[in-house]
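If you want the building blocks of each chain, they are given just below.
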Amino acid sequence: MFQRRWTSEKIISHILAREGVEPLNSHYYATTYPDVYAAAERFFGSWCNTLESCGFSYQEIRKYRTWNRERVLNEIRKLSEVHSPLSSKFVQTDHRPLYMAALKRFGNWGNAIRAAGLEYRRIRLRRLQTPEELKEEIRRLYQRGESLSYTYMRNKYQYLLASGMKKLGDGSWVRAREVCGIHINCRKLAAEARKAALQEEERKRQERNEKQRQKRLQKKQQQQAEQQALLKAAKAPKAQPKKAAAVKSQPAKTAAVKTKPAKAVKAQRAKTAKTPAAKAQPVKTAAKKKK
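Caption draft 1: Fine view of the packing of helix H11 (residues 131-143) against helix H13 (residues 158-167). Between H11 and H13, the shortest axis-to-axis distance is 10 Å and the interhelical angle comes to 130°. One finds that H11 runs oblique with respect to H13. For the element pair H11 and H13, the recorded crossing hand is left-handed. Two secondary-structure elements touch here, H11 through Leu134, Glu137, Ile138 and Leu141 and H13 through Tyr159, Leu160, Ser163, Gly164 and Lys167. Residue composition of the contact of H11 with H13, by class: five nonpolar, two polar and two charged.

Okay, here's the thing in structure tokens:
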């Protein structure tokens, strides 16, 4: 079997040809192009040196990036902006790489929270909120016009959903809302919202169909107008022979005019026919006399 001989130039050209098309991290190359990866290790010493020889930053390409202090703080702030729980128990379960990086960079989770500009005491107290504090927070969400459906609360305010169900509703979110004085049927509201959305979609569809129908009608009318114009243009040359026929019919009229004094013409011809015959007789007699 033919084996390609790799050089440093060939390795670099191979990597540059796949920039923006395929991943360039070491794991991908080691599994997809093991011969190129092995040759790069031989020529450049490591995959990091290979990418840097191609003019790339290894930190931007590598699949498993390192966590620095700034990245840990930015990630914590992002979770806080989307109202995600930041308790150590929740983060250990759902964001374990972040939690382990915070322990390594800040010593413990509380220090990382404080460094991000958040109150760790407030975050910890969320698990220790009294029923009255839970009621106030749920009512505040309702007054802001936010949905209190189970699905929405699970996505946006999971900590409040769990605490409310446990401390106010005995395991039921509906009873927790009723304890707060909020008597709404979220399923009915969701159904009405879906129905309104469907109606709006149907209205837009009808508008699109009406616009398309109007366009088709205009196009049809335009085609009919063009066809009528073509028919008129086709009929226009056929009207010329009628004029010629009218011209030809003129001699017939003149002939009719000339035939009006037919009797007088006949009488005149008869007279002219008789006079030459009378004059011719003396000529004959004169000829006989000469003889």
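Caption draft 2: Structural context of H11. Here H11 is 13 residues long and its end C-alpha atoms lie 18 Å apart, about the 18 Å a rise of 1.5 Å per residue gives. The complete set of buried residues in H11 reads Leu134, Lys135, Glu137, Ile138 and Leu141. Taken around the axis of H11, the buried residues stretch over an arc of 165°, which confines them to a single face. Here the buried face of H11 lies against helix H12 (150-156), H13 and helix H14 (173-179). Within two residues after H11, Gly145 carries a phi angle of roughly 85°, on the positive side.

Caption draft 3: Unusual backbone geometry, seen in detail. Not every positive phi belongs to a glycine, and His83 is a case in point at roughly 60°. Note on placement: His83 falls in the loop between helix H6 (69-81) and helix H7 (88-94). For Asp170, which is not a glycine, the phi torsion comes out positive at approximately 55°. Mapped onto the elements, Asp170 comes out in the loop between H13 and H14. In this structure Asp170 comes out as exposed when scored by relative accessible area, which is 66%.

Caption draft 4: Structural view of the packing of H6 against helix H8 (residues 96-106). In contact at an axis separation of 10 Å, H6 and H8 are set at 135° when each is read in the N-to-C sense. Here H6 is positioned oblique relative to H8, judged by the angle of their axes. Crossing geometry of H6 relative to H8 is assigned as left-handed. Each of Arg69, Val72, Leu73, Glu75, Ile76 and Leu79 in H6 lies in contact with H8, whose residues at this interface are Leu98, Ala101, Ala102, Arg105 and Phe106. A breakdown of the residues in the contact of H6 with H8 according to their chemical character gives eight nonpolar, no polar and three charged.

Caption draft 5: Highlighting the pattern of salt bridges. In total, this model carries seven salt bridges according to the counting rule given. Residues Glu202 and Arg205 are paired through a salt bridge, measuring 2.3 Å at the closest nitrogen-oxygen approach. Within this pair, Glu202 and its partner Arg205 are both found in helix H15 (residues 186-235), separated by three residues, close to a single helical turn. Judged by relative accessible area, Glu202 falls into the partly exposed class, the value being 32%. With a shortest N-O distance of 2.5 Å, Arg203 and Glu207 are connected by a salt bridge. One end of the pair is Arg203 and the other is Glu207, both in helix H15 and four residues apart, which spans about a single turn. We classify Arg203 as partly exposed; its relative accessible area is 37%. Residue classification places Glu207 among the partly exposed positions, given a relative accessible area of 37%. Each member of the salt-bridge network shares a partner with another, and the members are Glu200, Arg203 and Glu207.

Parameters at a glance
Residues numbered from 1 in each chain as written. Predicted model: local features only at pLDDT ≥ 70, side-chain atom pairs only at ≥ 80, totals over all residues. Heavy atoms only, no water. Axes fitted to C-alpha atoms, helices over the stretch in contact; angles between N-to-C directions. Helix = DSSP H or I, 4+ residues; strand = E, 2+ residues; numbered from the N terminus. Parallel < 35°, antiparallel > 145°, perpendicular 65-115°, else oblique. Left-handed = near helix turned anticlockwise from the far one by under 90°. Contact = heavy atoms within 4.5 Å. Nonpolar A, V, L, I, M, F, W, Y, C, P; charged D, E, K, R; others polar. Expected span 1.5 Å × (residues − 1). Buried < 20%, exposed > 50% of the residue type's maximum accessible area, 1.4 Å probe, protein only. Arc of directions from axis to C-beta. Salt bridge = Lys/Arg side-chain N within 4 Å of Asp/Glu carboxyl O.

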